[in-house]
Every structure is written in structure tokens, then in C-alpha cells.
Amino acid sequence: MTADLPKLRPQITTARLLLRPFALSDEAALFAAINASSEALLRWMIWFHDGYQISETRDFIQRGLDQWQRGEEFPLGIFDRQTGALLGGTGINTLDRLNRRANLGYWVRSDVARRGIATEAARALAPAVLEDLPLERLEIVAAVTNVASQRVAEKAGAVRESIARQRVWLRTHAADAVIYSITRADYGLPPTLA
């Protein structure tokens with residue numbers, strides 16, 4: 001991807017949240033949030049592992065900044081708008097510009113789970129992405145056993161489409177996943193130009 005490709009706006013706000021790219025200054029807060037959520041992350045996120053190091057957090061942030069500049073992926077932190085506390089992460093990845101689609105993902109710290117934070121973030125991020133980028137469709141992919149992520153997708157307005165066999169890797173095995181979609185038409189946006 002080149003620098004002249006459309007990019008996502010650098011900041012999205014809701015009543016409670018600020019979504020913005022992670023900065024290198026977020027390293028300690030992100031590392032603490034990841035470690036505070038280790039049990040949940042070990043179950044669902046293959047990038048997390050026992051012995052996870054702060055250098056991996058730094059590398060993730062730097063890689064995200066580089067990907068953002070190139071228009072390849074758009075990782076965002078979820079921050080409390082009033083306090084600035086880091087609550088989790090969201091973002092757009094696996095961009096397929098040829099087919100005009102991408103994945104939308106999210107996670108929140110375990111100690112702030114079940115407060116609607118991921119839903120609020122996804123509800124704000126999806127229309128911003130579809131307004132800013134030449135995409136027709138966003139997908140949310142959740143393991144069939146990850147009921148919490150499925151609830152977030154549904155509350156965010158995504159449409160459940162199918163179960164894809166062995167679609168996600170869960171550390172030791174491939175697992176079936178539920179595929180959800182959000183499209184431009186869901187927000188009354190016109191199709192992208194050819």
C-alpha cells in the first residue's frame with residue numbers, strides 16, 4: 001500500500017470513549033491492560049502468550065503506526081474520554097481493497113468487560129471506516145464459542161451471516177467461527193465508486 005491511499009480519521013469520539021491510534025507513550029498502559037486480561041486473551045488472541053514481554057507491546061505499537069501510515073491496517077486504542085484510561089483496543093485489519101472489505105476487531109480489559117465498551121467502540125468505528133475508506137463491507141469474525149464477541153457484534157448492528165468451518169486458529173486447533181457483516185448500505189451510504 002502507498003501513502004496516497006485513503007486513511008481512517010485519526011480520532012473518533014463517543015459519549016464515553018476516545019478511539020485513536022496507539023502512541024509509543026501508551027506502551028506501559030497497554031502492557032498493563034494486556035497483562036490484566038491475560039486469561040481472556042490466552043483463550044481468544046493467538047498473539048498473546050505466557051511470558052508476553054513489554055518489548056512485544058512496543059513492537060505492536062510501532063508496527064501499527066507504520067501500517068497506519070501505509071494504509072494497511074488501522075489499530076486503535078479505546079480510551080476513557082474523561083480520564084484517558086486505556087480500556088482496550090479495536091481496529092480494522094485484513095484489508096482486501098480489491099474486494100472492498102476488511103475485518104473489524106475489538107477487545108477490552110477484563111476489569112471493564114460487560115459495560116458496553118466494545119459495543120460502543122464498534123458502533124462508532126464501523127460508520128467512520130465506511131465513510132473514510134473505499135470499502136463496501138466490514139466483517140466481524142468470532143469463534144462459535146466466543147459468545148461475548150458475538151453479543152458485541154449483534155449489539156453493534158452487525159448481521160449474522162454464516163458459520164465458517166475452521167475459520168479461526170485458537171492456539172492449538174482450527175475452530176468454526178460466526179461471520180457477521182456491516183455494509184455501507186446499513187448506514188445509507190452510497191456504493192463506492194468503481
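All residue numbers refer to position in the chain's written sequence, counted from 1. Only residues with pLDDT of at least 70 are given local features in this predicted model, and only at 80 or more are side-chain atom pairs given and counted; all residues enter the totals for whole chains, interfaces and linings. Only hydrogens and water are removed before side-chain values are computed, so all heavy atoms of the structure are retained for them.

*Asks:* Talk me through the packing of aromatic side chains; I want residue IDs and the actual numbers.
*Replies:* For Phe, Tyr and Trp, where Trp contributes only its six-membered ring, two rings pair if their centres lie within 6.5 Å, and the inter-plane angle classes them as stacked under 30 degrees, edge-to-face over 60, or tilted in between. Applying the stated criterion across every chain yields a total of seven aromatic pairs. Ring plane angle 85° and centroid distance 6.2 Å describe the contact between Trp 47 and Phe 48, whose orientation is recorded as edge-to-face. Here Trp 47 falls in the partly exposed class, since its relative accessible area comes to 38%. A relative accessible area of 2% places Phe 48 in the buried class. With centroids separated by 5.3 Å and ring planes inclined at 40°, the aromatic side chains of Phe 48 and Tyr 52 adopt a geometry described as tilted. Of the two residues, Phe 48 and Tyr 52, both sit in the buried class. Among the aromatic side chains, those forming a connected cluster through ring pairs are Phe 31, Trp 47, Phe 48 and Tyr 52. Only when the NZ of Lys or the CZ of Arg is both within 6 Å of the ring centre and within 35 degrees of the ring normal is a charge said to sit over the ring. Looking at Arg 20, its charged tip hangs above the ring of Phe 79, at a distance of 3.9 Å from the centre. For each residue, the accessible area found with a 1.4 Å probe, counting protein chains only, is set against the maximum for its type, and the residue is called buried under 20%, exposed over 50%, and partly exposed in between.

*Asks:* Run through the pairing of strand β3 (residues 74–80), naming residues and quoting values.
*Replies:* Helix numbers and strand numbers start at the N terminus; a helix is a DSSP run of H or I with at least 4 residues, a strand a run of E with at least 2. Most of β3 is tucked away, with six of its seven residues classed as buried. Being paired, for any two strands, means DSSP has found at least two bridges between them. Pairing of strand β2 (residues 17–20) with β3 involves four bridges; the strand directions are antiparallel. Residue pairing in the sheet places Arg 20 in a bridge with Gly 77 of β3. As paired strands, β3 and strand β4 (residues 86–96) are joined by six bridges and run antiparallel to one another. Looking at the pairing, Gly 77 lines up with Gly 89 of β4. The antiparallel pairing of β3 with β4 creates a hairpin that spans five residues between the two strands, and Gly 84 there sits at a positive phi of about 80°.

From the geometry alone we can't say anything about function, so treat these as descriptive.
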